[in-house]
Amino acid sequence: MYTHGLGLPSDVHLAERHYDQAMDASADAYLPVQLALLELRLVAWWQAHTGRSNSPVLAARRLLATAWARGWGIAAGEAA
């Protein structure tokens, strides 16, 4: 939420703090948190170098969510 400003103002530092807390809470969260931190750094880089808050990462996530909602990429027998 804080990474992309979904429902809240975008706050990269607060997002990073939440990711760090998740990693401290569970050793199983290490890889997902590292991937999320990589995404966070890409978003921060994008915002710093373009001055735009709409990152290509967020656009790709929205596209994948739309495709998933329409059942694209799922075999016909697997759709419920």
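Residues numbered from 1 in each chain as written. Predicted model: local features only at pLDDT ≥ 70, side-chain atom pairs only at ≥ 80, totals over all residues. Heavy atoms only, no water.

This paragraph deals with the overall build of the protein. Helices and strands together make up the secondary structure of the protein, namely three helices and zero strands. The secondary structure elements of the protein, listed N-terminal to C-terminal, are α-α-α. Relative to its 80 residues, the protein shows a buried fraction of 18%. With an accessible surface of roughly 6000 Å², the protein has 61% of that area assigned to carbon and sulfur atoms. (Helix = DSSP H or I, 4+ residues; strand = E, 2+ residues; numbered from the N terminus. Buried < 20%, exposed > 50% of the residue type's maximum accessible area, 1.4 Å probe, protein only. Areas by Shrake-Rupley, 256 points an atom, 1.4 Å probe, with all protein chains shown as cover.)

Turning our eyes to something else, we now look at the packing of helix α1 (residues 12-25) against helix α2 (residues 30-50). Contact geometry of α1 with α2 gives a least axis separation of 9 Å together with a crossing angle of 170°. Judged on the interaxial angle alone, α2 and α1 are roughly antiparallel. Listed contacts from α2 to V12, A15, E16, Y19, D20, A22 and M23 of α1 are Y30, V33, Q34, A36, L37, L40, R41, A44 and Q47. Class assignment for the residues of the contact of α1 with α2 results in 11 nonpolar, two polar and three charged. (Axes fitted to C-alpha atoms, helices over the stretch in contact; angles between N-to-C directions. Parallel < 35°, antiparallel > 145°, perpendicular 65-115°, else oblique. Contact = heavy atoms within 4.5 Å. Nonpolar A, V, L, I, M, F, W, Y, C, P; charged D, E, K, R; others polar.)

Within the largest apolar cluster, five residues are counted, these being A15, A29, V33, L37 and L40. Looking at this core, the element that brings in the most residues is α2, giving three residues. (Core = buried A, V, L, I, M, F, W, Y, C linked by side-chain atoms within 4.5 Å.)

Judged by side-chain polarity, Y30, L31 and L35 come together as a nonpolar surface patch covering roughly 340 Å² of accessible area. If you trace the backbone, Y30 turns up in helix α2. (Patch = residues over 30% accessible without salt bridge, like charges linked within 9 Å, V, L, I, M, F, W, Y side chains within 5 Å. Salt bridge = Lys/Arg side-chain N within 4 Å of Asp/Glu carboxyl O.)

For α2, built from 21 residues, the straight-helix expectation of 30 Å at 1.5 Å per residue is met to within 8% by its first-to-last C-alpha distance of 30 Å. If you check which residues of α2 are buried, you get V33, A36, L37, E39, L40 and V43. The arc that holds every buried residue of α2, seen down its axis, measures 165°, which confines them to one face. Residues L31, L35 and H49 are exposed on α2 and point more than 90 degrees away from its buried face. The first or second residue beyond α2 is G51, which carries a positive phi of 75°. (Expected span 1.5 Å × (residues − 1). Arc of directions from axis to C-beta.)

Its place among the elements puts A36 in helix α2. On the basis of relative accessible area, A36 is assigned to the buried category, the value being 13%. Remark: the alpha-carbon pair of A36 and Y19, spanning 17 residues in sequence, is separated by 7.6 Å.

Right, let's get into the confidence of the model for the protein. When the pLDDT values of the protein are averaged, the result is 77; 76% of them are 70 or greater. When mean pLDDT is taken per element in the protein, α1 scores highest with 86 and helix α3 (residues 56-69) scores lowest with 74. (pLDDT = per-residue confidence, 0-100.)

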